[in-house]
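Structure at a glance
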Amino acid sequence: MAEELKKKNPKAYAQMEAHKKARNAAVQPIDGPEHTKHKWEFEYDWDKETSEIVLRASDTQNDGEYTKNWEARLGKDKYKDPSTEYDRLDKIFSDDSYEIVFDDPSQGAKVKLPITLKFMKGKNAKESFELYSK
């Protein structure tokens, strides 16, 4: 879908990419246990070959010393119509009023456990996804 948008409406595509970069930049590094600096990033896309929504998250620790990556692929096994669901989720993922919460059970250790990615408004999670180590 992103490639189609890039061809059909380059201005809208540029705005979408700028929004993604701004959203990722808004995820500030935090000090975890033992003062490990984390920089979390989230991105999503549509895989037109497999008709799946692709969610990706990464945690870069200590300015690139170590990076963990996770991914979830949401297709017909999860949603009846993944394309329609992508459009619905895009509205949530693009809405700056949501807080992105990364729940990493490894607590900053250099292990790759599944993480939970939540889109929060106040104390309520609007959407929650499990992402698995790549």
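All residue numbers refer to positions counted from 1 along the written sequence of the respective chain. Per-residue local features are limited, in this predicted model, to residues with pLDDT of at least 70; the limit for side-chain atom pairs, both in listing and counting, is 80 or more; totals at the level of whole chains, interfaces and linings are taken over all residues. Remark: hydrogens and water are excluded; side-chain values derive from all non-hydrogen atoms of the structure.

1. What to know about the overall build of the protein chain
Counting from the N terminus, the helices are the DSSP runs of H or I reaching at least four residues and the strands are the DSSP runs of E reaching at least two. On a plain count of helices and strands, the protein chain comes out with three helices and seven strands. Listed N to C, the secondary structure of the protein chain is α-α-β-β-β-β-α-β-β-β in terms of helices and strands. Among the 134 residues that make up the protein chain, the fraction classed as buried is 37%. Residues count as neighbours in contact if any of their non-hydrogen atoms are within 4.5 Å of one another. Intrachain contacts of the protein chain at a sequence separation of at least 6 include 44% that bridge at least 24 residues. Each residue gets one of three labels from its accessible area relative to the maximum for its type: buried under 20%, exposed over 50%, partly exposed in between, using a 1.4 Å probe on protein chains only.

2. Some details on the packing of aromatic side chains
How two aromatic rings sit relative to each other is given by the distance of their centres and the angle of their planes. Only rings of Phe, Tyr and Trp enter the pairing, Trp through its six-membered ring, and a pair is recorded when the two centres are within 6.5 Å. The plane angle decides the type: under 30 degrees is stacked, over 60 is edge-to-face, the rest tilted. Evaluated as defined, the whole model comprises 10 aromatic pairs. Ring plane angle 15° and centroid distance 4.5 Å describe the contact between tryptophan 40 and phenylalanine 102, whose orientation is recorded as stacked. Here the residue tryptophan 40 occupies a position in strand β2 (residues 37–47), and phenylalanine 102 occupies one in strand β5 (residues 99–103), the gap between them amounting to 62 residues. Across the pair, exposure class does not vary: tryptophan 40 and phenylalanine 102 are buried alike. Aromatic rings pair up to connect Phe42, Tyr44, Trp46, Tyr86, Phe93, Phe119 and Phe129 into one cluster. Think of it as a cone above the ring: NZ of Lys or CZ of Arg counts as a charge over the ring if it is within 6 Å of the ring centre and within 35 degrees of the ring normal. Positioned over the ring face of tyrosine 98 is lysine 121, at 4.5 Å from the centre of the ring.

3. So, helix α3 (residues 82–93)
Taking 1.5 Å per residue, 12 residues should reach 16 Å; α3 reaches 15 Å between its end C-alpha atoms and fits that length. Among the residues of α3, Pro82, Glu85, Tyr86, Leu89, Ile92 and Phe93 are the ones counted as buried. Axial view of α3: buried residues confined to an arc of 115°, hence all on one face. Helices are assigned an expected span. That span is 1.5 Å times one less than the residue count. To be clear, the arc concerns the directions from the helix axis to the C-beta atoms.

4. Some thoughts on the side chain of serine 58
Mapping serine 58 onto the fold places it in strand β3 (residues 52–61). What makes serine 58 buried here is its relative accessible area of 13%. Those residues in contact with serine 58 that lie beyond four places of it in its chain are Lys39, Trp40, Glu41, Thr67, Lys68, Asn69 and Trp70.

5. Section: the pairing of β2
Strand pairing is assigned whenever DSSP detects at least two bridges linking the two strands. As paired strands, β2 and β3 are joined by 10 bridges and run antiparallel to one another. Looking across to β3, one finds that glutamate 41 is bridged to serine 58. Hairpin connection of β2 to β3: four residues between the antiparallel strands, including serine 51 at a positive phi of 55°.

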